[in-house]
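# Structure assessment
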Amino acid sequence: MSTEKPYLMNSATNYRKLHSMKNAAVFQIDMQGNFTYLNEEWEKLTGYPPAESLGQPFSSYVDWKYKDMCSGLFNQLLSGSTGIHKEICILTSQNEVKKAHLFLTIDYNGSHEASLFSGTLTDLASRKPAIDAFCANEANFRFITDHLTDMFAVLAEDGLVLFASPSHTTYLGRSLEEYIGSFPMTNMHPDDWERVFDAFLESVKNGTVFVAEYRYMHSNGQWIDIEMRGKPISGADGKIQVIVVSRDISLRKKMEGELRLTSNKLKTLINSIPYGIKLENENKEIILINEIYKEMIETGGGEESFIRQDEALNEKWNHTIPNRQSLHIEEVQLQNGRIMTLDAVPIVDCGQFEGYLHIYRDITKESEIEQRLKESEQRYKSLFDYNIDSVATFDMFGHFIHVNSATETITGYSAEELIGSSCIPLVIPEEREKVRNQFYKVSEGVPQQYETRIFNKSGEIIDLHAAVIPYYYGEKITGIHCIIKDITEKKRVEDKLNYLAFHDPLTGLANRLLFEQSVKQALRSADESGKEAAIAFLDLDRFKTVNDTFGHRNGDLLLRKIAARLQNCLRQHDTICRQGGDEFLLLLNQVTQEEAKEIVDRVLSVISEPYDLEGSKFIVTPSIGVSFFPSHADNVDDLIRHADAAMYRAKGQGKNQYIFYESGRDGLSPQRLEMEMELRNAVKKSQFSLCYQPQMDLARSRITGFEALIRWNHPVRGMISPSDFIPLAEETGLIVPMGEWVLRKACEQLKCWHKMGFTDLIMSVNLSMRQFNQRDLLPNIANLLAETGLKPEYLELEITESMTSDIEKATTLLSELKKLGVRVAIDDFGTGYSSLNYLKNLPIDRLKIDRSFVRDITISHSKDKDIVATIIAMGHNLKLEVIAEGVETQEQLDFLKNFECDQAQGYFFFKPMSAPEVDDLLLNGV
C-alpha cells in the first residue's frame, strides 16, 4: 500500500473544481480552524454569504453537541487519518439546526507539511427526497442488484451516490450506509481523482458514455484497481442521473503486469543470448528479433548481405529453406568483414510448420583468436629458437625434449646429441643431488631458480643460472621448461670483486675487514689455548719523500715490494694488512713476547734494506708499535689503537725502531699535542675555507656539479694540506664541527649558484665516520636544507666503504637519508672492504673510483684497467652512476670514455677553485 500523502482530494485546485457542485458546500479551513474558502452552496445550506463567513471559525457554525467531535476529527487528520465521513448538525442564520453529511480531509504543502483542512457539507434533508424518490422502485429491481457480480450505482449529476448495490460492500469494504450519500471520488488515489472527475463532468455535460480506471482505497487500507463505466440519463423530473457499473480489476491488472513481466523477461532472455536471433512465420514475416540481430543488420550492410555472393552457397540456401529443412553454414561473410555462422531451424508445432528460427553467431573474435594463436605459436617458436639464453624443455625424468641453439652453444653438444638424454650427467658431481631436488620441487608445481655448474663438451666447467618452471597441459604437469643463462663471466667478476672486498688491490694483502676477522678468530683461539696474540702497527718513515721524488707510480711499486718482504718475514698463520697509504698491520698469532720481538726485529731488518727505484737505491725505514692480547686489551679496536700509540712513540724517538705498548703512555708527541691545540683554535676562529673541484659529464662535456674540499689557512704555517690535519681531526672528534661547517658553507654556496641561474648543479660533500655515526645527523641535515633553502636532491653526501661495515645500521641510515631526498655516493670505491652482496642492497646513487686505480689505467701491464672496467660495469649493472677522480691525462679520459664512465674530475679538467673563480667559470659559459 502506498503511504504517500496526501491520499485523497487534497489540493486546493481539486477542491475548487467542486465549486459548482449542487447541494454540497465546499470549504477550506486553515490550521487555526478558520474558513479560507467557501463556494456558493454554503449560503444555500446555512443562509450565510460566503464572504461573511470567510475568516470565521468553523466551530461557530456547528451545533454545540458536535463541537468536541469536530475537534477530535481535526486531531485524527493531523495524526495520519485520511478522509473522514460523519453526520453533524450545523446552525443556520435563522438559528435552525440542519443535519449534514461532513466529509473532511487534510491538505499538505510541497514540503509534506499539513497546510489546510478541506471538505464538503451536504444537506441530508434536501438529499433525502432525491434518494427516497430513486429508491421508491427499489423493490422492483432489488432482486437484480442483489445478485449482480459487478458494482451497480446511480450517481447524481454532481457525483453524489444515490444508490449502490450490495456488491460495493463486498469489493470496497464499506457499508452501503457509508457509501450512499458520499462521493466515490473521495477515496480515489490522488493521482487519479482529477482525471476521473473531469471525465465524469464531461460525460454529464455532453451526455456521453465515459470509461475510467482508477485506484480506490479499500477499507483495509489497500489500493485496489477499479474499472468504471457510466452513462448519464434524464429522469422523469428532468434531473440528470448517471448509471455506473464498476468492477474490481485488480486481478486482471496483476495478470497484465505479470504478462508484461513475462514478456519483458522473454525479451531480456532473448537479448541476453550472445547470438543474433530472428523468428519468421511461414510467410517469412518477422515475428521477433533481438538487439544483436538489429546490430548485425545495421552494421553488416542489410539483410541481403548475410549470404555471400557465392553460387554454391546461394543454391544451398534456396534449396533448403523452401523445403523446410535445417541448414548450417559454417562461415558467412558480412559486407563489413565480420564472420558469422548461420543455423536455420524449422519450427514445427503438432506437426504444423510455423516458421523458421535463424541463429547467427559472430565468430569474428574466434577467428581472430585462432589467427593470434597461430601468431603466438610463431612468436613462441621465435622466442624459443632465437633466445640469446639457453631454453630447454625436459620430460618429467629430466630428459631433453627440445633445445634451442643457445643450449647447443653453452653445452657444446648438438641438439641431436642432447634430445632424449638426461641432463644430470652434464652437472658436476657435487651439484647433482641439488639439481635433482630442484627438479622434484618443480614437478610438484613450484617454480625454482638456482645456480649450478656443468661440464661442457670440452670438459670446461660452466657456471649457470637456471629458472625452472612446470609445463602444464590442462591441469596436469607434463614437462619442465628451463631458461639457462651462462654466468661464468659474471661469477668471475664477482669472485674478483669479492677478492677486492677482502684484499688491498694494490698489494694483494688483506684489507681491514679481513684483518679484523682474522684478529677476532686469533683472539678466540688464544683465549681458548691460554696463549698471547700481538698486533704490530707499521708506518713507513720516508714514504712521502719517495712519492715526491719518484712519483706515485714508483711509490705504489715500493709498497708492493714492501708487502712482498713482509710476507717473507711472517709465519704462515700470521696475517698482514695494508691499513692504507704507507701503514700496515701485522697479526702475530699465538706468539710469546720473545717470539714477537724476533719477528719484529726481522721485519725492521728486511724492510730497511735498499730498494731499486728507476736505477737508484732508496731506503725507507719502518716505525713499529706492538700491543698484546690479553695484556694490553681484549678487543680488536683497542689493540690496534694501542699499537698505533706505540708506533707514534717509536717515531717520536727517532724512527726505524719498534716499541711495545705500555699502559699509561699514549705515544702522543709534543708536536701532535701542539697541532691538536692549533686545530681546536682554528675551529673556533674559522680559519678554514672551501674550494670546489668541478665534476664533468663525459658524454655531454659539461659541468654537472662540484666537490667541496676543505683547506686550513694557518696564520703562521700558511695553507695546510687536509692529509695533515683531517686524521687528527677524526681522532680528536673535531671533525664533527668542521664537517657541519663544511656542509653549511657548501649548501649556501650552491644556493647562490642556483640563484645565478645554474639550477642543475649538484654539490658533493664528504661525511666523516664520526659524522656518519652521529645520532642527530638526519635532523641536522634536514634543518640545514630548510635554513639554506637548498632542495635536497642537489646535495650529495660521500661516504667511504668502511662506513658500511655494519651493514644493517648503514642500510637503515642511508635509507633515511634517501627519504630526505639527498643523494649518496661511495667515495674511494675499491680501496675498502665492502661486500658486493651488501653493496647491491645499499640505497646509493653513485660510485666514485679512487684515484689510485685511475693513475695507471693506461699502462699496458697494469691490472688497474681491469679493476676500473669492472667497477664501471658493476656500477651500471646496479643502476648506479660512476665517477672517476684523479683524471690527469687525455689517455686516462679516453679509457674512461671507452668504458662509458659517466663522470670524472681531476686536474685534466680543473683544479680545485675558490668560489669567485667558479663564478667566472660559470659565467663564461664553460
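Residues numbered from 1 in each chain as written. Predicted model: local features only at pLDDT ≥ 70, side-chain atom pairs only at ≥ 80, totals over all residues. Heavy atoms only, no water.

### Concerning the overall build of the protein chain
Where we set the bar: What counts as a helix is a DSSP run of H or I of at least four residues, what counts as a strand is a run of E of at least two, and both are numbered from the N terminus. Only protein chains enter the accessibility calculation, which uses a 1.4 Å probe. A residue is then buried if its area is under 20% of the maximum for its type, exposed if over 50%, and partly exposed in between. It only takes one pair of heavy atoms within 4.5 Å for two residues to be counted as in contact. What sets the accessible areas is the Shrake-Rupley method with a 1.4 Å probe; for residues, cover comes only from the shown protein chains.
If you tally the helices and strands in the protein chain, you get 33 helices and 36 strands. Within the protein chain, the proportion of its 926 residues that are buried is 46%. Of the contacts made within the protein chain by residues no fewer than 6 positions apart, 55% connect residues no fewer than 24 positions apart. Accessible area of the protein chain: about 46800 Å², with a carbon and sulfur share of 51%.

### Focus: the sheet that holds strand 13 (residues 327-333)
Quick note on the threshold: Any two strands with at least two DSSP-identified bridges between them are counted as paired. Inter-axis angles, ranging from 0 to 180 degrees, are taken between N-to-C directions of lines fitted to C-alpha atoms, where helices are fitted over the stretch in contact.
Spatially, 12-11-15-14-13 is the arrangement adopted by the 5 strands of the open sheet, whose pairing is antiparallel. Edge positions in the open sheet fall to strand 12 (286-289) and strand 13, since each of these has one partner strand only. Direction aside, the axes of adjacent strands within the sheet are offset by 20° on average.

### Points about the side chain of Thr411
Let me state the cut-off plainly: Polar contacts here mean pairs of N or O atoms no more than 3.5 Å apart (in protein, one a potential hydrogen donor and the other a potential acceptor; neighbouring residues in sequence count only if both atoms are side-chain atoms).
Along the polypeptide, Thr411 turns up in helix 14 (residues 405-411). By relative accessible area, Thr411 is classed as buried at 5%. In terms of polar contacts, Thr411 uses its side chain to reach the backbone carbonyl oxygen of Thr407, at 2.8 Å. When near neighbours in sequence (up to four residues on either side) are disregarded, Thr411 contacts Leu418, Leu426, Ile454, Asn456 and Lys457.

### Thoughts on empty space enclosed by the protein
Put simply, the test is: Cavity and pocket criteria rest on a 1 Å grid covering protein atoms alone: a 1.4 Å probe that fits but cannot get out defines a cavity, protein on both sides within 12 Å along at least 5 of 7 lines defines an open pocket, and an atom within 4 Å of a point defines a lining residue. Grid points are joined across faces, edges and corners, and a volume is the space filled by probe spheres set on the points.
The final tally for this structure, using the stated rule, is 5 cavities of 30 Å³ or more. In this structure, the largest cavity occupies an estimated 210 Å³ of space. Lining the largest cavity are 18 residues, and of these Phe394, Cys423, Ile454, Leu464 and Ile484 lie nearest its centre. Secondary-structure elements contributing two or more residues to the lining of the largest cavity are strand 16 (390-394), helix 14, helix 16 (432-443), strand 18 (448-455), strand 19 (461-473) and strand 20 (476-486).

### Observations regarding the packing of helix 17 (residues 488-502) against helix 31 (residues 864-877)
Put simply, the test is: Any angle between 65 and 115 degrees counts as roughly perpendicular, while under 35 counts as roughly parallel, over 145 as roughly antiparallel, and the rest as oblique.
Look at helix 17 against helix 31: their axes get within 11 Å of each other, and the N-to-C directions meet at 110°. Classed by the angle they form, the pair helix 17 and helix 31 counts as roughly perpendicular. Taking contact as the criterion, the partners of Val493, Lys496, Leu497 and Leu500 in helix 17 are, on helix 31, Asp866, Ile867, Thr870 and Met874.

### Things to note about the layout of surface pockets
Approximately 530 Å³ is the volume attributed to the second largest pocket. What lines the second largest pocket is a set of 20 residues, among which Pro505, Leu506, Arg560, Lys863 and Asp864 lie closest to the centre. Sorting the residues of the lining of the second largest pocket by element identifies helix 17, helix 20 (552-569) and helix 31 as the ones contributing at least two each. No other element matches helix 20, which puts 4 residues into the lining of the second largest pocket.

### Quick word on helix 18 (residues 512-529)
Basically, it comes down to this: Expected span, for any helix, means 1.5 Å times one less than how many residues it has.
Taking 1.5 Å of rise per residue, 18 residues should cover 26 Å, and helix 18 covers 25 Å from first to last C-alpha, within 8% of that figure. Those residues of helix 18 that fall on the buried side of the exposure criterion are Leu513, Phe515, Glu516, Val519, Ala522, Leu523 and Ala526. Looking one or two places after helix 18, you find Gly530, whose phi comes out positive at around 80°.

### Focus: the packing of aromatic side chains
Just so we agree on the cut-off: What counts as a ring pair is set by centres within 6.5 Å for rings of Phe, Tyr and Trp (its six-membered ring), and what kind of pair is set by the plane angle: stacked under 30 degrees, edge-to-face over 60, tilted for all other angles.
Tallied over the full model, the rule gives 26 aromatic pairs. Their ring planes at 55° and their centres at 5.1 Å tell us that Phe35 and Trp42 sit as a pair that is tilted. Judged by its relative accessible area of 2%, Phe35 falls in the buried class. The exposure class assigned to Trp42 is buried, which follows from its relative accessible area of 1%. A ring pair is formed by Tyr48 and Tyr61, whose centres lie 5.1 Å apart and whose planes are at 75°; its orientation type is edge-to-face.

### Considering the confidence of the model for the protein chain
Detailed reading of predicted coordinates is not advised where the pLDDT is low. Keep this limit in mind: Each residue gets a pLDDT score, which is the predictor's confidence in that residue and runs from 0 to 100.
Scored by pLDDT, the protein chain comes out at a mean of 83, with 86% of its residues at no less than 70. Note that pLDDT drops below 50 for residues 1-13; the model gives that stretch 42 contacts with residues more than four away or on any other chain.

### A closer look at the pairing of strand 33 (residues 823-829)
Burial analysis of strand 33 places 6 of its 7 residues in the buried class, which makes it a mostly covered element. Here strand 32 (residues 795-800) runs beside strand 33; their pairing, made up of 5 bridges, is parallel. Within the sheet, the bridge partner assigned to Glu798 lies in strand 33 and is Ala825. Direction of pairing for strand 33 relative to strand 34 (residues 846-849): parallel, over a ladder of 3 bridges. From the neighbouring strand, Ala825 faces strand 34, where its bridge partner is Arg846.

### Observations regarding the environment of Leu817
Relative to the assigned elements, Leu817 resides in helix 28 (residues 807-820). Given a relative accessible area of 0%, Leu817 falls into the buried group. Distance in space between the C-alpha atoms of Leu817 and Ala782 is 9.2 Å, their sequence separation being 35 residues. The residues touching Leu817, leaving out its near neighbours within four places in the chain, are Leu778, Ile781, Leu797, Val822 and Val824.

### Topic: unusual backbone geometry
Between Phe629 and the following residue, Pro630, the backbone shows a cis peptide bond with an omega angle of 5°. The topology assignment puts Pro630 in the loop between strand 26 (622-629) and helix 22 (636-652). One non-glycine residue, Ser686, lies in positive phi territory at about 55°. Here Ser686 shows up in the loop between helix 23 (670-685) and strand 28 (688-697). Of note in this structure, Ser701 is not a glycine but carries a positive phi near 50°. Inspection of the secondary structure puts Ser701 in the loop between strand 28 and strand 29 (702-714).

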